[in-house]
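Listed below are the residues making up each chain.
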Amino acid sequence: MKSTHADKPLLIGVSARIHYPADSPGIPGMPFGGVWSKTVHYLEQSVAHWLLAGGAAPVMVPAVDSQSPQLRSDLSPGALQHYALALDGLVLQGGNDVAPQSYGEEPLHADWHGDRVRDLYEIDLLRAFVAAGKPVFGICRGLQLINVAYGGTLLQDINTQHPLAREHRVLGQYEKHLHSIEFVAGSRLAGLFPGVARATTNSIHHQGIKALAPGFAVEARCPEDGLIEAIHWTGPSFVAGVQWHPEFHDPANPHTLDDRPMLADFLAAVRRKREPAA
Ligand code: MN
């Protein structure tokens, strides 16, 4: 039987987490060396497995910071366009804080400087995929990055700037820390979970959306404090994000949201873009 284009798995780019040389976990008494003395780009296994379980093929996209003075002389700042052309969709991984500079603020605390290099790289990547009309999904930092890229702002630290909020991150518990979310009636996300008004998700963030970017709709909130937990672009292509980490939700766990319909919806949008109905 003749193989068709549709048999090929969807190729989903995943933005890289970045290890900087200064973070090197050296052996006591030994100078940092080897690969840890270099910048390393990495993909978290749980994100890769989440996409593989959904039937897609994840591909990590290395970081290129088009504004870096260290950019090698023969690398075009537009090189990330290759990925937007070659891949079918994009997932923005979780990770470090978004830098306050990226939304026009200065850090309120020395620890909240974020990762400006990664911001610039991911904003370039996001724009390239949106320009190509290819779907984008953001996880945690990814949701925040999308909001900032489209003109929104963030709370640099929820506890400081929204003192009545519940805990959205508990150090030491990581993905075991859970809270309720409430779907916004009539939203796309609510439509994927018929009859489910509230659910329980993990929560591993100390930043959150302050001002929602123009052109975005809120799809879920934390009912205890109103914090935004999911967004969707109202523009011409698929751009969405969630503040929780679906890659840590085990569908076999009855206590947390089985958010596989959300991944399936994203991948269906990716497939529709790749294979428009004849
Ligand atoms: Mn939360």
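Preceding block: the structure.
Report on the accompanying structure.

### What about the coordination of the manganese ion?
- Looking at the manganese ion, the protein donor atoms are His168 (ND1), His179 (NE2), Ser203 (OG), His205 (NE2) and Glu229 (OE), and they sit 2.2 to 2.4 Å from it.
- Spacing between the donor residues of the manganese ion along their common chain follows H-x10-H-x23-S-x1-H-x23-E. Taken together, the positions of His168 in the loop between helix 5 (158-161) and strand 8 (178-183) and His179 in strand 8 put the pair 11 residues apart, joining distant regions of the chain. The burial state of His168 is the same as that of His179; both residues are buried.

### Let's talk about the pairing of strand 13 (residues 239-242)
- Here strand 13 shows no split at all, with Val239 and Gly241 on one side and Ala240 and Val242 on the other all buried.
- Across four bridges, strand 6 (residues 136-139) lies against strand 13 in parallel orientation. Within the sheet, the bridge partner assigned to Gly138 lies in strand 13 and is Gly241.
- Of the pairings in the sheet, the one linking strand 12 (residues 228-233) to strand 13 comprises three bridges and is antiparallel in character. When the bridges of strand 13 are listed, Ile231 appears paired with Gly241.

### Things to note about empty space enclosed by the protein
- Considering all chains together, one arrives at one cavity of 30 Å³ or more under this definition.
- Size it by volume and the largest cavity reaches roughly 70 Å³.
- Lining the largest cavity are 13 residues, with Phe137, Leu189, Glu219, Ala240 and Met262 sitting closest to its centre.
- Breaking the lining of the largest cavity down by element, the ones donating at least two residues are helix 6 (188-192), strand 12, strand 13 and helix 7 (260-274).
- By residue class, the composition of the lining of the largest cavity is eight nonpolar, two polar and three charged.

### Description of the packing of helix 3 (residues 116-131) against helix 4 (residues 141-149)
- Relative orientation of the contacting elements helix 3 and helix 4 amounts to 75°, with a least axis distance of 10 Å. Relative to helix 4, helix 3 is oriented roughly perpendicular. Between helix 3, through Arg118, Asp119, Glu122, Ile123, Leu126 and Arg127, and helix 4, the contact on the second element is made entirely by Arg141, Leu145, Ile146 and Ala149.
- When the residues that make up the contact of helix 3 with helix 4 are grouped by side-chain class, the tally is five nonpolar, no polar and five charged.

### Digging into the pattern of salt bridges
- Going through the model one piece at a time under the given rule, you end up with 14 salt bridges.
- For Asp265, the salt bridge is made with Arg188, and the minimal N-O distance between the two is 2.8 Å. Of this pair, Asp265 sits in helix 7 while Arg188 sits in helix 6, placing them 77 residues apart in sequence.
- On the basis of relative accessible area, Arg188 is assigned to the partly exposed category, the value being 34%.
- One connected set of salt bridges, linked through shared partners, spans Asp88, Arg271, Arg274 and Glu275.

### Focus on helix 1 (residues 45-53)
- Here helix 1 has its buried residues at Ser46, Val47, Ala48, Trp50 and Leu51.
- At its buried positions, helix 1 is contacted by strand 1 (11-15), strand 4 (57-61), strand 5 (89-92), strand 6 and helix 7.
- Gly55 sits one or two residues past helix 1 and shows a positive phi near 95°.

### A word on unusual backbone geometry
- For Cys140, which is not a glycine, the phi torsion comes out positive at approximately 55°.
- Within the secondary structure, Cys140 sits in the loop between strand 6 and helix 4.
- A residue is classified by how much of its surface remains accessible, and Cys140, at 6% relative accessible area, is buried.
- With phi around 45°, Tyr174 is a residue other than glycine that occupies positive phi space.
- Tracing the chain through its elements places Tyr174 in the loop between helix 5 and strand 8.

### Thoughts on the packing of aromatic side chains
- One pass over the full model with this rule turns up eight aromatic pairs.
- Seen from their ring centres, Tyr150 and Trp233 are 5.2 Å apart, and the 45° between their planes marks the pair as tilted. Of the two residues, Tyr150 sits in the loop between helix 4 and strand 7 (153-155) while Trp233 sits in strand 12, which places them 83 residues apart along the sequence.
- Given the relative accessible area of 15%, Trp233 is considered buried.

### Here's the deal with the sheet that holds strand 12
- Taken in spatial order, the nine strands line up as 4-1-5-6-13-12-11-8-9 in an open sheet, and their pairing is mixed. Across the chains shown, the open sheet's two edge strands, defined by having one partner strand only, are strand 4 and strand 9 (198-202). Here the strands of the sheet are splayed against their neighbours by 30° on average, with no regard to which way each runs.
- Across the sheet, helix 4 is in contact with strand 5, strand 6, strand 11 (216-221), strand 12 and strand 13; its angle to strand 6 comes to roughly 120°.

Rules used throughout
- Residues numbered from 1 in each chain as written.
- Predicted model: local features only at pLDDT ≥ 70, side-chain atom pairs only at ≥ 80, totals over all residues.
- Heavy atoms only, no water.
- Donors = N, O, S within 2.8 Å, 3.2 Å for Na, K, Ca; no water.
- Helix = DSSP H or I, 4+ residues; strand = E, 2+ residues; numbered from the N terminus.
- Buried < 20%, exposed > 50% of the residue type's maximum accessible area, 1.4 Å probe, protein only.
- Pairing = 2+ DSSP bridges.
- 1 Å grid on protein atoms, 1.4 Å probe; cavity = no way out; pocket = protein on both sides within 12 Å on 5 of 7 lines; lining within 4 Å.
- Points joined across faces, edges and corners; volume = space filled by probe spheres on them.
- Nonpolar A, V, L, I, M, F, W, Y, C, P; charged D, E, K, R; others polar.
- Axes fitted to C-alpha atoms, helices over the stretch in contact; angles between N-to-C directions.
- Parallel < 35°, antiparallel > 145°, perpendicular 65-115°, else oblique.
- Contact = heavy atoms within 4.5 Å.
- Salt bridge = Lys/Arg side-chain N within 4 Å of Asp/Glu carboxyl O.
- Phe/Tyr/Trp six-rings, centres within 6.5 Å; stacked < 30°, edge-to-face > 60°.

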